[in-house]
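Structural description and commentary
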Amino acid sequence: MIAKRELFIFRKQRESTVFNHIFLSLLVVFSLGPVVLLGVNSFKSNAEMGLNPLGLPQEWRLENFGRAWEQGEFERTFKNSVIYVVGTVSLALVFCGLAAYSLARKNPPGGNFVMIYLLVASTVPIWLYLVPLFFMWRQLGFLNTYHGLILIYTAFNAPFSIFLLRSYLIGLPVELEDAARVDGANELQVLLRVIVPLAWPGFLTVGLVVGLGVWSEFQVAVIFTHNPEMFPVTTSYFKFTDRFGRDWALTNAGAFMMVAPVLILFLALQRRFVEGLTQGGVKF
Amino acid sequence: MAADIATPLESGAVQAPNPPGRKSKRKRPWTRYRLMRYYVVPWLFLIPILGLHGFVVVIPALQGVYYSFTDWSGIGEAKFIGLRNFEEMFFEDQSYIDALSRNVQWMIFRMIVPFSFALFGASLLAKVKRGAMIYRTALFMPFILPSIVTATIWRYLYNPRFGLPTLVGYDKALLGQSDTALWAIAFADNWQFWGFLMVLFLTAMQGIDPVLYDAAKVDGANRWQEFWHVTLPGIRPVVLFMMMMVMIWAFLVFDYVFILTGGGPAGATEVIAIDIYKNAFQRFEAGYAAAQGMTICLFASMVVTGFAFLRKRGWDI
């Protein structure tokens, strides 16, 4: 009797997923179509763009990339962005890792208060402090510097990184740390030799999410850097589209170069990206 | 909990020492070792990042509160002028009121369009076994794109010479007209954002007890009834929480507007954040900009309070 009913349900479900697949495919076209178009258009010439705006190129040209690389000064801005990303990710991993370890294991007096503080801090609207922060940074001479932006990015990413790392560390078995202590390891050794090797997936997730955020960041960069020498790739590209707004082949190629590393990383590690971004990887 | 497991062997005593903040039967003397172990070391680990965060966020936030009551230009002395900035904002500055209304329109759009897309996509995907991971990855992908790239893509798609509108014979610039620009920007934002919501809803849907679906099927529920009576109640906490966050974020929108129209045409897309940006960095009215920032904070806390109130009234958020 029960088996019969289950069979019935099973059959009904099988039937109905056709409908699901059709609509999901339409949604996929909606989501990926524009991205694919961006890639495809990077290979077209401007003349072809007007005649054939949505199709495949008749001739796959690579020259747009070279042109965009040079005109958009991508060599310098890529370097700058890599510095911002690497600087922020390493600072965030070290200092948020330490804080998360303390909160997860050391039971510091006032630890709950710290958690509440971070929770509130992560929802305070950025515009409450952005304007005074700008003038403070100007007074300190931190505008248009690498450390100026890196410090801001690290602070903005701190609540999320600490939460995620802490929840990762809490899940690890304590026994291994105790064993290391019995063997005479001090706190730092426990952290470096036991915690980090065990919790690397957590660190990787946080690093990816923070790195992605910094690579893509626009708002803070546009306010805190005015010197083209210091532009990250996003704001430099913004100025670039201002100059070459109608040169679609060029702007498409530039945008494609900017996202290509992100897309490759995402496809390789999409599980971690999705996990990290949906666990409070909130855009600031 | 963790500390008393971690310590007994190291302290040389067999019994666990008492961590602070915990009621203990025996009082232990405050040795230097215990002070280091339970107070100094944990806080040494916390202080660097909390110090940085305080320096970058808390101090400027407090300064912002102070400057919002002054006529500060950004340079030099700030003169205390009481509530004058807020008076000006709400009673004299029409552009602020207009900007605020655009943020509210943005909020309403975001509460309807991405939520519908996400609920639709997630309820379809929850039933699918084969290829589920591929669908999820593909639909989530726009969310990882930098805003500047999304903006470039949609500027291309909206262009009046050979973009999408021309396919249906519409040859006006969607971003260039005051009655369509804000919605065109909001749709580009939706394209990027809804996949993120969908994954959150999907995760929540996978936590719903399948027995409920079986029961609904046995009772002869159709797709719509099943969604309305089983799926939606099952993921309600996530939906309501994200509604709250989306309402708060709606007051912060900056990137897409700044990149695509810069507030134009003729101020038709000027939202609060753009107004603040211009006041602070172009018109040298930092005090007034700080006051506008304060109002965003005020609206955000009103949203949070509203949801907390509903929860208290038994809405089970």
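Counting from 1, residues in each chain are numbered in the order their sequence is written. In the order they appear in the text, chains get letters beginning with A and ligands get numbers beginning with 1. With the structure being a predicted model, the display of local features is reserved for residues of pLDDT at least 70 and the display and counting of side-chain atom pairs for 80 or more, all residues being used for whole-chain, interface and lining totals.

**Some remarks on the overall build of chain B**
Cut-off, in case you're wondering: A run of DSSP states H or I qualifies as a helix once it reaches four residues; a run of E qualifies as a strand once it reaches two. Both are numbered from the N-terminal end.
The secondary structure content of chain B amounts to 14 helices and zero strands. In chain B, the succession of helices and strands from N to C terminus is α-α-α-α-α-α-α-α-α-α-α-α-α-α.

**Here's the deal with the domain arrangement of chain A**
All names here are of chain A. Stated formally: Where each domain begins and ends is defined by an automated method or by a domain database.
Once the domains are mapped, chain A shows domain 1 (2-61) and domain 2 (65-278). The distance between the C-alpha centroids of domain 1 and domain 2 comes to 32 Å. Of all the secondary-structure elements, those providing two or more residues to the side of domain 1 that touches domain 2 are α1 (2-41) and α2 (46-51). Of all the elements, α1 adds the most residues to the side of domain 1 that touches domain 2, at three residues.

**Observations concerning helix α9 (residues 187-216) of chain A**
To be explicit about the condition: Take the number of residues in a helix, subtract one, and multiply by 1.5 Å to get its expected span. We define the bend at any residue as the angle between the axes fitted to the seven residues before and including it, ending there, and the seven starting there.
The terminal C-alpha atoms of α9 of chain A lie 36 Å apart, and with 30 residues this falls more than 12% below the ideal 44 Å at 1.5 Å per residue. Along its length, α9 of chain A reaches its greatest deviation from straightness, about 65°, at Trp200 of chain A, and the proline Pro201 of chain A lies no more than four positions downstream.

**Observations concerning the interface of chain A and chain B**
We apply this condition: This entry defines residue contacts through backbone-placed C-beta atoms, with two residues in contact when those atoms are within 7 Å.
Each partner contributes to the interface: chain A provides 76 residues, whereas chain B provides 79 residues. Take the side of chain A that touches chain B: its biggest share by element is 14 residues, from α1 of chain A.

**As for the nonpolar core**
Short version of the rule: Only buried residues count toward a nonpolar core: Ala, Val, Leu, Ile, Met, Phe, Trp, Tyr and Cys, linked into one set through C-beta atoms within 7 Å. Exposure in this text rests on C-beta crowding, where 20 or more other C-beta atoms within 10 Å of a residue's own make it buried, 12 or fewer make it exposed, and counts in between make it partly exposed. The C-beta atoms are placed from the backbone.
Grouped together as the largest cluster of nonpolar side chains are 164 residues, with contacts concentrated most on Cys96 and Ala99 of chain A together with Phe201 of chain B. With 18 residues, the top contributor of residues to this core is helix α8 (residues 181-206) of chain B. Beyond its immediate sequence surroundings of up to four residues, Cys96 of chain A is in contact with Ala158, Ser161, Ile162 and Leu165 of chain A together with Ile49 of chain B.

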